[in-house]
Amino acid sequence: MTLLAQIFTGLTALLHVGFLVLEMFLWTKPAGRRIFRMTAPQAEATRVLAANQGLYNGFLAAGLGWSLLASPPAFAVQLQLFFLVCVVIAAIYGAWSVSARILLVQGGPAMLALLFTVLAF
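Let me begin by describing the structure that accompanies this report. (Residues numbered from 1 in each chain as written. Predicted model: local features only at pLDDT ≥ 70, side-chain atom pairs only at ≥ 80, totals over all residues. Heavy atoms only, no water.)

Regarding helix H5 (residues 73–97)
In this model H5 runs 36 Å from its N-terminal to its C-terminal C-alpha over 25 residues, within 8% of the 36 Å that 1.5 Å per residue would give. Those residues of H5 lying buried are Ala76, Val77, Leu79, Gln80, Phe83, Leu84, Val87, Val88, Ala91 and Gly94. Those residues of H5 hidden inside the fold are in contact with helix H1 (2–24), helix H4 (47–69) and helix H6 (101–120). (Helix = DSSP H or I, 4+ residues; strand = E, 2+ residues; numbered from the N terminus. Expected span 1.5 Å × (residues − 1). Buried < 20%, exposed > 50% of the residue type's maximum accessible area, 1.4 Å probe, protein only. Contact = heavy atoms within 4.5 Å.)

Below is the structure:
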């Protein structure tokens, strides 16, 4: 279970690095507009908000990465649980406020990581 918890935590961290890149650097580019289904004027009007959101995703990725490297193990698990719960809460809010797809894309790997983390300890 511990290995699965680490794998899904790492996947969740990598996804959030990807969200950071999309929201901070690709938001107004064709790929970003296509992914988020926006016109160029919509993307430009929300560029600063998206960059702020991307920064928060970066902090989540950093926290999850920290949890994979931290010591002692008891502290690492506490970090892992905290940051995974933060991601799940963000996914639930995103699903409620924006699109149900967020629950699967953002929340799915985090929920699996959370499940495996709890089962491992």
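Focus on the packing of H1 against H6
Between H1 and H6, whose axes approach to 8 Å, the crossing angle comes to 155°. Here H6 runs roughly antiparallel to H1, going by the angle between their axes. The hand of the H1/H6 crossing is left-handed. Packed against H1, whose contacting residues are Thr2, Leu4, Ala5, Phe8, Thr9, Leu11, Thr12, Leu15, His16 and Phe19, the element H6 presents Val105, Gln106, Pro109, Ala110, Leu112, Ala113, Phe116, Thr117 and Ala120 at the interface. Grouping the constituent residues of the contact of H1 with H6 by class yields 13 nonpolar, six polar and no charged. (Axes fitted to C-alpha atoms, helices over the stretch in contact; angles between N-to-C directions. Parallel < 35°, antiparallel > 145°, perpendicular 65-115°, else oblique. Left-handed = near helix turned anticlockwise from the far one by under 90°. Nonpolar A, V, L, I, M, F, W, Y, C, P; charged D, E, K, R; others polar.)

Considering the packing of aromatic side chains
Here the structure, examined in full by the defined rule, presents six aromatic pairs. Plain terms: the ring middles of Phe82 and Phe83 are 5.0 Å apart, the flat faces sit at 85° to each other, and that makes the pair edge-to-face. Residue Phe83 is classed as buried on the basis of its relative accessible area of 14%. (Phe/Tyr/Trp six-rings, centres within 6.5 Å; stacked < 30°, edge-to-face > 60°.)

A few points about the layout of surface pockets
Approximately 790 Å³ is the volume found for the largest pocket. What lines the largest pocket is a set of 22 residues, and nearest its centre among them are Glu23, Phe36, Gln53, Ile102 and Gln106. Of the residues assigned to the lining of the largest pocket, the class counts are 13 nonpolar, six polar and three charged. (1 Å grid on protein atoms, 1.4 Å probe; cavity = no way out; pocket = protein on both sides within 12 Å on 5 of 7 lines; lining within 4 Å. Points joined across faces, edges and corners; volume = space filled by probe spheres on them.)

With respect to the environment of Val88
When you line up the elements, Val88 lands in helix H5. Classification of Val88 by relative accessible area gives buried; the value is 11%. For the pair formed by Val88 and Gly107, sequence separation is 19 residues and the distance between their alpha carbons is 5.2 Å. Residue contacts for Val88: discarding those within four places in its chain leaves Ala110, Met111 and Leu114.

Details of the packing of H1 against H4
Each pair of packed helices can be described by the angle between their axes along with the distance between the axes. With their axes 8 Å apart at the nearest point, H1 and H4 run at an angle of 155° to one another. Classed by the angle they form, the pair H1 and H4 counts as roughly antiparallel. Where H1 crosses over H4, the handedness of that crossing is left-handed. Residue composition of the contact of H1 with H4, by class: 12 nonpolar, 11 polar and one charged.

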